[in-house]
Amino acid sequence: MIRSFTTWSLAHGVQRKALQLAARRGELTALLAIDPVTAADPFATYEKLRPDGPVARGPVICSTVDHAAANQILRSDDFGTAAGHAELPPFLRRLFERVADPYALSPVDPPSLLALDPPEHNRHRKLVSRAFTARRIANLEERVRTVSDDLLDAIEADLDAGGGGFDLVERFAARLPVAVIADLLGVPEHQHDWLLDWGNRASITLDPGLTFRQFRDAESALRRMHHWFDDHVARLRRDPGDDLLSQLALIEGPDALTPLELRAIGLLVLGAGFETTVNLIGNAVVQLAAHPEQKALVLAEPERWTDVVEEVLRFDAPVQLTMRSALRDTVVAGTPLRAGDAVLVLLGGANRDPQVFADPQSFDITRPNADQHLSFSAGIHFCLGASLARLEAVIALRALYSRFPDLAPDGTPVRRTTRVLRGYEHIPVSAAVSRSTSVA
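## Some points on the sheet that holds strand 5 (residues 321-326)
Phase 1: The strand order across the open sheet formed by five strands is 1-2-8-5-3, and the pairing between neighbours is mixed. The open sheet has two edge strands, strand 1 (56-57) and strand 3 (79-80), and neither has a second partner.
Phase 2: Bridging between strand 1 and strand 2 (residues 62-64) involves two bridges; their strand directions are antiparallel. Looking across to strand 2, one finds that A56 is bridged to S63.
Phase 3: The strands touched by helix 5 (residues 67-75) are strand 2, strand 3, strand 5 and strand 8 (342-346); relative to strand 8, the strand with the most contacts, the crossing angle is about 125°.

## Looking at the pairing of strand 8
Phase 1: In terms of burial, strand 8 is largely enclosed, as five of its five residues are buried.
Phase 2: Summarising the sheet, strand 2 and strand 8 pair through three bridges and their orientation is parallel. Across the sheet, S63 pairs through a bridge with L344, a residue of strand 8.
Phase 3: Sheet topology note: the strand 5/strand 8 ladder contains five bridges and is antiparallel. In the strand pairing of strand 8, S325 is matched with A342.

## Here's the deal with the packing of helix 7 (residues 120-128) against helix 14 (residues 259-290)
Phase 1: Remark: helix 7 packs on helix 14, axes separated minimally by 12 Å, with the N-to-C direction vectors making an angle of 60°. Here helix 7 is positioned oblique relative to helix 14, judged by the angle of their axes. Handedness of the helix 7/helix 14 crossing: right-handed. The residues of helix 14 that touch helix 7, namely those facing R123, H124 and V128, are E261, I265 and V269.
Phase 2: When its residues are assigned to classes, the contact of helix 7 with helix 14 shows three nonpolar, one polar and two charged.

Thresholds, definitions, all that
For every chain, the first residue of the written sequence is number 1, and numbering continues from 1 onward in sequence order. For a predicted model such as this one, the threshold for reporting local features is a pLDDT of at least 70, and the threshold for listing and counting side-chain atom pairs is 80 or more; totals across whole chains, interfaces and linings nevertheless cover every residue. The side-chain values count all of the structure's non-hydrogen atoms but skip hydrogen atoms and water molecules. Here the rule is simple: two strands pair whenever DSSP picks up at least two bridges between them. For the purposes of this entry, the term helix denotes a DSSP run of H or I that reaches at least four residues, the term strand denotes a run of E that reaches at least two, and both are numbered from the N terminus. In what follows, residue pairs with any heavy atoms lying within 4.5 Å of each other are defined as contacts. Note on definitions: angles span 0 to 180 degrees between N-to-C directions of axes, and those axes are lines fitted to C-alpha atoms, for helices only across the stretch in contact. When accessible area is computed with a 1.4 Å probe and restricted to protein chains, residues below 20% of their type maximum are described as buried, those above 50% as exposed, and intermediate ones as partly exposed. Any angle between 65 and 115 degrees counts as roughly perpendicular, while under 35 counts as roughly parallel, over 145 as roughly antiparallel, and the rest as oblique. By definition, turning the near helix anticlockwise from the far helix through less than a right angle yields a left-handed crossing, and turning it clockwise yields a right-handed one. Basically, the charged four are Asp, Glu, Lys and Arg, the nonpolar ten are Ala, Val, Leu, Ile, Met, Phe, Trp, Tyr, Cys and Pro, and anything else, Gly included, counts as polar.

Bear in mind that shape data such as this cannot, by itself, settle questions of function.
And the structure:
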């Protein structure tokens, strides 16, 4: 308990107090981080920040909703991840690394790729990229189609038996990416539900300023996942497959990974591969329901499903923000920053920059430059799984609406309470089975 409290205090407790004080003063970045009402619909707050210039200075942290500034920061060698805790002074980061339990580290703690800078980042990324080559992604296409069809077959059978609707997240949007990522990690089907539960509980660790109760629940899930990954890797070493973890676990010599590094890679691939896609599918369904003219257009022109996915990524990004720390004195979009300055890169705001996107507050699947969004980050930390997430979302949405063209929310969708990840916990929908429409 003492170790957990100390870790929480360093990673969240001190930050939570500072954010609460700043939020009481009305500071916008603090409200985005800690106020649930602001976080539920952050886009108006992003627009309030925009007049402050490319980089808005706050008492504790800088922020940007400017597309050019965000792109520069994400790509520049002048910025790093600061071991996943750019908000902490260097001496507190070092203390955190000493006291943190290696069996409770989150995907934003080293040695996760999200928290590594070169040269360590280069070594890990090279290894993980084996799972996301163009050939491997192309080979996964049939698997994505098969899983989508199997899930929709089960839903259709329930509807035929008299069911009036279903939870889109529980029955489809969450299960598809977990099945695909589980294949990449060599996880048997009977363990998929474990990963779903643990992953959902642990994902909140991406957020700043957690309460101690939130932290303890996530920490419990992370410990289960770490110990499970140790056992899983041991099984794969005895009976390896062609999955990513089997390949990494069998590496010998100077490139061999430690048990902690293997767990960190497994956790990151699971979290990133699942969270982005489930939120992307759910956000797309809600946006299409809110914009029936756009839904009608894509149903009439199904070749536009790729456009739908890009516009959802821009308009309602599954990941809303990330953080960087200046490694040296530098200048961003005319704004001088000093070494150690932390910058909150508000991806969701940059994606609605009027200097890049015409009429940015409108959801428009015909937008010609929607793919200029920063929802998968940029630079060396560009999401390795971006092509897989896009593939899954396009196949899933096309199959879903081909089977259920009248799909619509049936009740109020329930948003997740997370700040960094933006998506839905539940989306109750109603649908009638289409007997004449098939996936083209």
